[in-house]
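Below, each chain spelled out in residue letters.
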Amino acid sequence: MTLPTTAPFAITVDVGTSLDNHTGTWRTERPVYLDRLPPCNNACPAGENIQAWLALAEEGNYEAAWQEIMVNNPLPGIMGRACYHPCEDACNRKDIDSAVSIHAVERFLDDESRKQGWLPRVPSDLSGKKILVVGSGPSGLSAAYHLRRLGHAVTIYEAGPVAGGMMRFGIPAYRLPRDVVEENIKRIADMGVEIVLNRKVEDIAAEKAEGGFDAVFLAIGAHLANRAYIPSADAGRILDAVGVLHDMETEESKPMLGRRVVVYGGGNTAVDVARTAKRMGAQEAIIVYRRTRDQMPAHDFEMDEAIEEGVIVNWLTTIKEVGDGGKVMVERMELDADGKPQPTGEMDELEADTVVMALGQNVDTSFVEKLDGVEIKDKTIQVDTQFMTGHPGVFAGGDMVPSERTVTVAVGHGKHAARAIHAWLQSETYQRAEKHEIADFEKLNPWYYANAPETVQEQLDIARRQATFGEVLGGLDETNALYEARRCLSCGNCFECDNCYGVCPDNAVIKLGPGNRFKFDYDFCKGCGICAAECPCGAIEMVPEEI
Amino acid sequence: MLKQLEGSHAVAEAVALCRPEVICAYPISPQTHIVEHCGELVREGKMGNCEYMNVESEFAALSACIGSSACGARTYTATASQGLLFMAEAVYNASGLGLPIVMTVANRAIGAPINIWNDHTDSMAMRDAGWLQLFAETNQEALDLHIQAFRIAEQMSQPVMVCMDGFILTHAYERVSMPTQEQVDQFLPPYTPQQVLDPANPYSIGAMVGPEAFTEVRYLAHEKQLQALDVIPGIAAEFKAIFGRDSGGLIREYETEGADTIVVTLGSVAGTVKDTVDEMRADGKKIGVVTVGSFRPFPSAALREAVKHANEVVVLEKSFAIGFGGVVANNIMMSLQGTGIHVHTVVAGLGGRPITMPSLHRLFDTALKGELEDMHFLNLQWDIVNAELQRQREQIASGPTAESILRNIQTDTARGTPTPAAE
Amino acid sequence: MTKELTAEQKVKFYQKGTFTVGNRLVDADNRSVQASMERSNAITSGHRACQGCGEALGARYALDTAMRVTGGQMIAANATGCLEVFTTPYPETSWQMPWLHSLFGNAPAVASGMQAAMKAKGKKTRIVAQGGDGGTVDIGFGCLSGMFERNDDVLYICYDNEAYMNTGVQRSGATPGGARTATTMPVGEAYPGNVFGTGKNLPRIAMAHNIPYVATASVAYLQDLEAKVEKAMSLEGARYIHVYVPCPLGWGCASNATINLARLVVETGFFPLFEAEHGKVTATRPIRQRVPIEEYLKPQRRFAHLFKTDAGAEAIRKLQAMCDHNIAEYDLLREGEETLA
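Residues numbered from 1 in each chain as written. Chains lettered and ligands numbered in written order. Predicted model: local features only at pLDDT ≥ 70, side-chain atom pairs only at ≥ 80, totals over all residues.

Some remarks on the overall build of chain B
What counts, and what does not: Runs of E in the DSSP output that reach at least two residues are strands. Runs of H or I that reach at least four are helices, and both are numbered from the N terminus. In this scheme the burial state of a residue depends on its C-beta neighbours within 10 Å: 20 or more other such atoms mean buried, 12 or fewer mean exposed, and anything in between means partly exposed; the C-beta positions come from the backbone. For every residue pair, C-beta atoms are placed from the backbone, and the pair is scored as a contact if these atoms sit within 7 Å.
What chain B contains, in helices and strands, is 15 helices and 16 strands. Structurally, chain B occupies a C-alpha span of about 70 × 55 × 50 Å along its principal axes. Burial status across chain B gives 52% buried among its 423 residues. Taking the contacts inside chain B whose residues are at least 6 apart along the sequence as the reference set, 78% of them involve residues at least 24 apart.

Okay, structure coming up:
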């Protein structure tokens, strides 16, 4: 009890004395800070910590942001352009206005990194282990990069004359400029990864023994085009999509597609080919697809861009026959009660100089078949959770193994395989970190976020892009990249907005200072739960007290 | 300096000499002339930086005083009657918070029936509110008591009510000796609060106190009043040393030496009582007077000492506890418990009824003869009372007694009956 | 520190957390007082307010801001009520500034006396008075009006939780029509809660005194509230801020709903946020996300009966009509840039 010396007893009380009264005893629930998994991170096949690098970018710390990307993904320039960004589909911001344009910020950061000459961190000490990577596509490069970061010596054998795999032969230049691909690859090579070109591997075991490699990572992709049987009087007019896109990369043998091109298929590759055809000078590029737009596997935005560029799509049609003089007979389909396309018997005729089949690709498994223990199923190489084939020390990833075939998935395979190989070399098993609870939209308090529509990346004007392979989407400049980064909601992770600190009626939140977040003062917290209700990003949880 | 002044103006000028910093004013008869003159003095620049606030009620007046006093400003206000009751909540609050506010109460009756004339019902209604209550006998004393009141209040950190009879003193022009500023400055140092709201040394004033300490708080307030029993005479003595006259103190004795009967009274009526006593002493009657200067704290010991040789005490008071008897008398009886001195209660002068020397002669003679009843109402017109009681017995219907009486009086006046209390 | 309405700056970036307490993307000087590690915590921990008390929050928001603006040169007068009772039960006080409680109905007059004392002493110390809705719109109304009329240099803050909570949730002059209180219990079709009187709109009454500044605020709009207190403290004379503070206990809502209800009451249009100077409205805050009155009423048990009877449905219509009236009166649906404050 404090008694002021002269002032009247009990009437007058010294300030701040209520600190003697610990109101924490009233509590039946306690607030607890936690980190939830942001849906973007959860959705990223490459396992990027998107939220972390957006936060760094938001502060204008672009190099740190870029380095944060490089922890998980060695190819941000490619990812920022060619990835179909599942992160953005998962982004909670789409329920407020529109998703954060994550890929655009990533691309901006990569542009900056190349402009500024930032370099990834490489350990100076080597482990003494040597690893062979077969194939220089995204999963091979990713595995090589991560293995190098883990201290191992890495050599890539590439069968072709240039590195890049599908990044070069599968994705058209208007979506992925080649200088970006080259610079991203060069950066990996500069880390000390040896890339040997025109080196086709026929006998894995022999190569491994000969080169003294401790482990092998196979990543040759899927280059064999699927074929459908279509009666054809003029087989010369029929090409496959992989071949067309591949030949685009070789100056000498650019494909001659003609003025009227019909593409058969509904995936992204079909769209890529149709758009490529337009750029090659085709007056007509028609996609024939047997289902509806809703059912199309190609991404919406790509389809939109294709249509803007004049690509025509014949929905609910199949190619029945390719006749003389490029007459293509197509049959109209209709959806049955189950939503499946059924033939109607009604025929139409199209004129085509070339018919391109875009019906998917397969893996060339022949060189693996000789290896003991490797299992091949559904034309893909089977691997365990460690990305290891049935043959000890031989790992595989990317399009070769059962998975979604995208650049980003391949990069993710490369990363996880590298970590698994690293563990295997030490006779350990690689354990992926356990995922936190996902911070879905219901966990957020969206009131606190101001409305802010997505920055629309500048698009090349239609006329120009129909004719050239210049990049369709313009990049963000610093102002709008920053703007875009700031749209991030920081789902599930405290971003030090001070809400809990401000809204606590009992001053029971202690602010620890910039970067150090907050802690609860359980001596005084009454457990009202306002902090949890008003946390914009869902980083506080109320937990029952044991009474 | 001798001045011929209205009592209210004398008080206002004395207050001005005390250098108050905040004065809150709300008009109510009969104190209006005091705050009016204070306002004039402030505007004439005769009160330095004093803030003069016209407020919207007595409740606000004393509340504003509470605020200013808690901020360390010497604070003054004045009120009367209904106004004192309207601020009653704040009256208790000011003393509970220990704020040395000085307030003049120009004593006046409480309605209904509404009545603007003098008695002590208003101050007596607040006798237990924790304030010190000093009663002035003359305008000179009223003036002097205000100067002393600031000293006492600030020394005790308790509010002081200076009670002076409405109209009888407030509106009477008398010659007074107005002290000089130097004298007052010598007597009354600048206010050094015992508790003050100050950002440099903050604390909370006005905490909520529960059963665990409330009795102690109340006892400490009582203890403080008991301490004032020593402080008040001390300050009166200091006052005399500087100003050269007797003023204030706990009680004043007059002709008590050898008196068998002692009249105890308070306020301006003491003058009439003393004049009556002078005449009776001249006739050899053994009668004396004790005037109570401080009603709170009540000077029990001093009073007991003053009357210890008397056989009986006649308490003449302008207040009345309806349903019981005398308010002052009750305090005196308590003080004389065990002495065997007989105490008579005389209620007089309610609502401004004059207390005249002939009435007092009759009253005191009756007392000296041993014929005074224990409870006596001076000059009560029994014919009116009995008539009304008769009417009430006959008419079951109730009605406002006052109006009924007034109707009867008017009827009597029309018939040529003398007005009440006219002798 | 006399910054001009700093928190009113336009949103330059649509950064995350624009409307949060701390906005680390604006200049340090422009961040909310509540975000600061140096805030004065005019009311500190250990007070006995109920869980989720809006008044405890509103008072800290307002006084911390005033403390910053005045550099701590400030004294508060407090009316009797929850705020007084829960902060100063002997032998403890939660206040960390000079503070006085006198009576229920006299806080404005006490504050008037305080400012007079400061004037007399030539001190720059500023005076803030505060009370609940009962102490302000009912029992202290006369003193408040007097303080306004004299234009005394006092900022009076009313924390409005729409009933006498300290005594057990009885109706006050600020209780909305239809609300259940201990003295307006709903009984069938005949009595759907509190009567719809003619209303007692104290901010408007304050404006009728032509005082320099009147504003309404809600604990859900911190930057707005702070900007208003700051503005008020930059002016001299009588100023009035009416702060809406939900009471979980009295309203029968979850203790974590305080801020949300303080937000919904604004977004419905039921409690418009505005500022007025010398009797004229000078600024209003447009609604960001309009919601019907039911969304505000439903989480509160004091309105639960309205959803059960025809008379209740009529009461809801009346409440919605009041919202619609406010929206038209203050042009609350106008298009405009979002501002922080």
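So, next bit.
Points about the interface of chain C and chain A
Under the convention used in this document: We call Asp, Glu, Lys and Arg charged. Ala, Val, Leu, Ile, Met, Phe, Trp, Tyr, Cys and Pro are nonpolar, and the rest, Gly among them, are polar.
Tallying the contact residues gives 44 residues for chain C and 50 residues for chain A. Broken down by secondary-structure element, the contributors of at least two residues to the side of chain C that touches chain A are α1 (54–70) and α9 (258–267) of chain C. The element that contributes the greatest number of residues to the side of chain C that touches chain A is α9 of chain C, accounting for 4 residues. Of the residues contributing to the side of chain C that touches chain A, the split by class is 17 nonpolar, 22 polar and 5 charged.

Observations regarding the sheet that holds strand β7 (residues 274–277) of chain C
Hydrogen bonds between backbone atoms are what pair the strands of a sheet, whose relative direction is either parallel or antiparallel. In plain terms, the rule: Strand pairing requires that DSSP identify at least two bridges connecting the strands. Note on method: axes are straight lines fitted to C-alpha atoms, helices fitted across the in-contact stretch only, with angles between N-to-C directions ranging 0 to 180 degrees.
Read across the open sheet, the 10 strands follow the order β1(A)-β9(B)-β2(C)-β1(C)-β3(C)-β4(C)-β6(C)-β5(C)-β7(C)-β8(C); overall the sheet is mixed. Bordering the open sheet on either side are β1 (12–14) of chain A together with β8 (280–284) of chain C, each of which pairs with just one other strand. The average angle at which neighbouring strand axes cross in this sheet is 20 degrees, direction not considered. Inspection of the sheet shows strand β1 (residues 74–78) of chain C paired to strand β2 (residues 99–101) of chain C by 3 bridges, in the parallel sense. Residue Asn78 of chain C lies in a different strand from β2 of chain C, and its bridge partner there is His101 of chain C.

Brief notes about the pairing of strand β4 (residues 153–157) of chain A
Residues and elements named next belong to chain A. What counts, and what does not: Looking down the strands as they point away from you, a crossover is right-handed if its path from the first strand over the helix to the second goes clockwise.
Two strands pair when backbone bridges link them, and strand β3 (residues 130–134) and β4 are joined in this way by 5 bridges, in the parallel orientation. Among the inter-strand pairings, Ile131 is bridged to a residue of β4, identified as Val154. Read from β3 through helix α7 (residues 138–149) to β4, the crossover connection turns out right-handed. Pairing of β4 with strand β5 (residues 194–196), which is carried by 3 bridges, proceeds in the parallel orientation. Its bridge partner being in β5, Tyr157 is matched across the sheet by Val196.

Thoughts on the sheet that holds strand β13 (residues 327–335) of chain A
All names here are of chain A. In space, the 3 strands of this open sheet follow the order β12-β13-β14, with antiparallel pairing throughout. Two strands close off the open sheet at either side, each with one partner strand: β12 (317–322) and β14 (341–351). Across this sheet, the average inter-strand angle for adjacent strands is 30 degrees, counted without regard to direction. Sheet topology note: the β12/β13 ladder contains 5 bridges and is antiparallel. Each bridged residue has a counterpart across the sheet, and for Thr317 the counterpart in β13 is Arg332.

A short note on the interface of chain C and chain B
Every contact between the two is made by 37 residues of chain C and, on the other side, 38 residues of chain B. Among the elements of the structure, β1, β2, α3 (107–121) and α5 (141–150) of chain C are those that each provide at least two residues to the side of chain C that touches chain B. Here the element with the most residues in the side of chain C that touches chain B is α3 of chain C; it accounts for 12 residues. Relative to β2 of chain C, strand β9 (residues 203–205) of chain B runs parallel, the two being bridged by 2 bridges. Residue pairing for β2 of chain C: Ser204 of chain B is matched across the bridge by Trp99 of chain C.

Structural notes on unusual backbone geometry
All names here are of chain B. With omega at 0 degrees, the peptide bond leading from Gly111 into Ala112 counts as cis. Structurally, Ala112 can be placed in the loop between β5 (102–107) and α6 (121–125). Cis geometry marks the peptide bond from Ala112 to Pro113; its omega dihedral reads -5 degrees. With respect to the helices and strands, Pro113 occurs in the loop between β5 and α6. Unlike most non-glycine residues, Phe167 shows phi in positive territory, near 65 degrees.

Focus: the domain arrangement of chain B
Residues and elements named next belong to chain B. Quick reminder of the rule: Each domain's extent was defined by an automatic or database domain assignment.
One can read the domain layout of chain B as domain 1 (2–243), domain 2 (253–377) and domain 3 (383–414). Taken together, the 24 residues of domain 1 in the interface contact 21 residues of domain 2. For the side of domain 1 that touches domain 2, the elements supplying multiple residues, two or more each, are α6, β6 (132–135) and α9 (214–243). Here the element with the most residues in the side of domain 1 that touches domain 2 is α9; it accounts for 5 residues. Across the side of domain 1 that touches domain 2, the residue classes break down as 13 nonpolar, 7 polar and 4 charged.

Description of the packing of helix α3 (residues 58–70) of chain B against α3 of chain C
Our working definition: The labels follow the angle: roughly parallel below 35 degrees, roughly antiparallel above 145, roughly perpendicular from 65 to 115, and oblique for the rest. Note on convention: near helix rotated counterclockwise from far helix by under a right angle means a left-handed crossing. Clockwise means right-handed.
Packing of α3 of chain B against α3 of chain C brings their axes to within 6 Å, and their N-to-C directions diverge by 50 degrees. Classified by the angle their axes make, α3 of chain B and α3 of chain C are oblique. Two packed elements cross with a definite hand, and for α3 of chain B against α3 of chain C that hand is right-handed. Contacts between α3 of chain B and α3 of chain C involve Ala60, Ser63, Ala64, Cys65, Ile66, Gly67 and Ser68 of chain B from the first element and Ala109, Val110, Ala111, Ser112, Gly113, Met114, Ala116 and Ala117 of chain C from the second. In the contact of α3 of chain B with α3 of chain C, the residues fall into 10 nonpolar, 5 polar and no charged.

Quick look at helix α2 (residues 32–43) of chain B
Residues and elements named next belong to chain B. Threshold: Here a helix's expected span is defined as the number of its residues, less one, multiplied by 1.5 Å.
Its 12 residues give α2 an end-to-end C-alpha distance of 17 Å, which sits within 8% of 16 Å, the value for a rise of 1.5 Å per residue. Buried within α2 are the following residues: His33, Ile34, Val35, His37, Cys38, Leu41 and Val42. On the buried face of α2, the contacting elements are β1 (2–6), α1 (7–17), β2 (22–25), β3 (51–54), β4 (75–79) and β5. Once α2 ends, the next one or two residues include Gly45, with phi positive near 80 degrees.

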